[in-house]
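One-letter residues, chain by chain:
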Amino acid sequence: MTVPRQHALSVDVEDWNEAFGRQGLPARLQGTESRIEQASDLLLELLERHRAKATCFVLGTVASRTPAVVRRIAAAGHRVGSHGWEHRCLDDSNPALLARHLTESRKLLQDLSGQPVLGFRAPWFSLRSRTAWAQAVIQEAGFTYDSSLFPVWNPFYGVSGAPLEVHRLPGGLHEVPPSAVELGPLRLPIAGGIYWRLLPFSWLNWGIDRLASLGRPAVLYLHPWELDTGQPRVWMGPMSTAIHYLNLSRTARVLESILGRWSFAPIEEVFPQVNSAA
Ligand SMILES: [Zn+2]
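Remember, predicted model here, so these are calculated numbers, not experimental data.

(A) Quick peek at the packing of helix H7 (residues 201-213) against helix H9 (residues 250-261). Packing of H7 against H9 leaves a shortest axis separation of 11 Å and a crossing angle of 35°. Of the two elements, H7 crosses H9, and the hand of that crossing is right-handed. Note on element contacts: H9 touches H7 through Arg250, Arg253, Val254, Ser257, Ile258 and Arg261, opposite Phe201, Leu204, Asn205, Ile208 and Asp209. Its residues placed into classes, the contact of H7 with H9 shows 5 nonpolar, 2 polar and 4 charged.

(B) Quick look at the coordination of the zinc ion. Distances from the zinc ion to its protein donors, Glu14 (OE), His83 (NE2) and His87 (NE2), fall at 2.0 to 2.1 Å. On the primary sequence, the residues serving as donors to the zinc ion are separated as E-x68-H-x3-H. Residue Glu14 is found in the loop between strand S1 (7-13) and helix H1 (36-49), and its partner His83 is found in the loop between strand S3 (79-82) and helix H4 (95-113); the two are separated by 69 residues along the sequence. Taking relative accessible area as the criterion, Glu14 reaches 3% and is therefore assigned buried.

(C) Structural context of the nonpolar core. The biggest cluster of nonpolar side chains holds 68 residues, and the ones touching the most others in it are Leu9, Val13, Val58 and Trp196. The leading source of residues in this core is H1, at 5 residues. Apart from the residues lying within four places of it in its own chain, the contact partners of Leu9 are Leu47, Lys53, Ala54, Thr55, Trp196, Leu220, Leu222, Leu259, Phe264, Ala265 and Pro266. The next biggest cluster of nonpolar side chains, apart from the first, holds 11 residues, and it includes Ala8, Phe57, Phe271 and Val274.

(D) Up close: the pairing of strand S10 (residues 219-222). Here S10 shows two buried faces, one formed by Val219 and Tyr221 and the other by Leu220 and Leu222. Relative to S10, S1 is paired through 4 bridges, and the arrangement is parallel. Note on S10: the bridge partner recorded for Ala8 is Val219.

(E) How the structure looks around the pattern of salt bridges. Here the structure, examined in full by the defined rule, presents 15 salt bridges. Residue Asp15 pairs with Arg65 through a salt bridge whose shortest N-O separation is 3.5 Å. Remark: Arg65 occurs in helix H2 (residues 60-65) and Asp15 occurs in the loop between S1 and H1; sequence separation between them is 50 residues. A relative accessible area of 43% means that Arg65 is categorised as partly exposed. Through salt bridges that share partners, Asp15, Glu18 and Arg65 make up one connected network.

(F) Up close: helix H3 (residues 67-75). Within the sequence span of H3, burial applies to Val69, Val70, Ile73 and Ala74. All buried residues of H3 fall inside an arc of 125° around its axis, so they share one side. One or two positions beyond H3, positive phi appears at Gly77, with a value near 90°.

(G) Just H4, in detail. In this model H4 runs 26 Å from its N-terminal to its C-terminal C-alpha over 19 residues, within 8% of the 27 Å that 1.5 Å per residue would give. Looking at H4, one finds that the buried residues are Leu97, Leu98, His101, Leu102, Ser105, Arg106, Leu109, Leu112 and Ser113. Around the axis of H4, the buried residues are gathered within 145° of arc, so they sit on the same side. Away from its buried face, by an angle of more than 90 degrees, H4 presents the exposed residues Ala96, Lys107 and Asp111. Buried residues in H4 make contact with strand S2 (55-58), H2, H3, S3, strand S4 (119-120) and helix H5 (134-140). Within two residues after H4, Gly114 carries a phi angle of roughly 70°, on the positive side.

Conventions adopted
Residues numbered from 1 in each chain as written. Predicted model: local features only at pLDDT ≥ 70, side-chain atom pairs only at ≥ 80, totals over all residues. Heavy atoms only, no water. Axes fitted to C-alpha atoms, helices over the stretch in contact; angles between N-to-C directions. Helix = DSSP H or I, 4+ residues; strand = E, 2+ residues; numbered from the N terminus. Left-handed = near helix turned anticlockwise from the far one by under 90°. Contact = heavy atoms within 4.5 Å. Nonpolar A, V, L, I, M, F, W, Y, C, P; charged D, E, K, R; others polar. Donors = N, O, S within 2.8 Å, 3.2 Å for Na, K, Ca; no water. Buried < 20%, exposed > 50% of the residue type's maximum accessible area, 1.4 Å probe, protein only. Core = buried A, V, L, I, M, F, W, Y, C linked by side-chain atoms within 4.5 Å. Pairing = 2+ DSSP bridges. Salt bridge = Lys/Arg side-chain N within 4 Å of Asp/Glu carboxyl O. Arc of directions from axis to C-beta. Expected span 1.5 Å × (residues − 1).

Take a look at the structure:
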């Protein structure tokens, strides 16, 4: 078994207000300020400083409103993927709507980045058994891999028994799950987001080392708005508000620490098998 030289870093590129959405931008946040340019610049600077590369799953609305964000990501040597057209869960979509959103976002992202766009990540990791219909739609739209199946259950998303490793679905689409570590019968999610803001540094470090010792590169994720501590504070109900804002100032420190310890590359480089479908 080979200890991986690099781990995979991914970024879901959405504006701070879009992150609350399950059916696009929530109506009560229409008209609030966009901060995606400054937030993504913060992230790009940090990645540049550590010579880390990532796969950035960009929302179609972001690419359409602020194409400079996609151009800067591509010019900095990162890979571009799709986070869908608007921040809409698969549960609140249907095959025809998803097909249109995927095709339109992929075309726009390819035009702006000059790259083939191979990967998709659904908002709120909303791929699970009741939305499994989406896998065929994702493949039909030209994607070779998906990274939407979160292998640990939480109140918002996740499938507790889903495979932990990168695998291929019967139709040929590759599935790249965000990382979790087995602890006896339990699974500890170490992949990013709220888990980075809640878990002790020592647990995250142990988790990544544990995966490396098993020959598995980690698949981590974050959002540009998690670095933007100056974003507006809005109340969106107890759970959503807590998940969005809790320990927000911790993300930059966790990311700096992780980038200082390990080397990171885009999903397409760490798992070269995802570059072609069956
Ligand atoms: Zn998202």
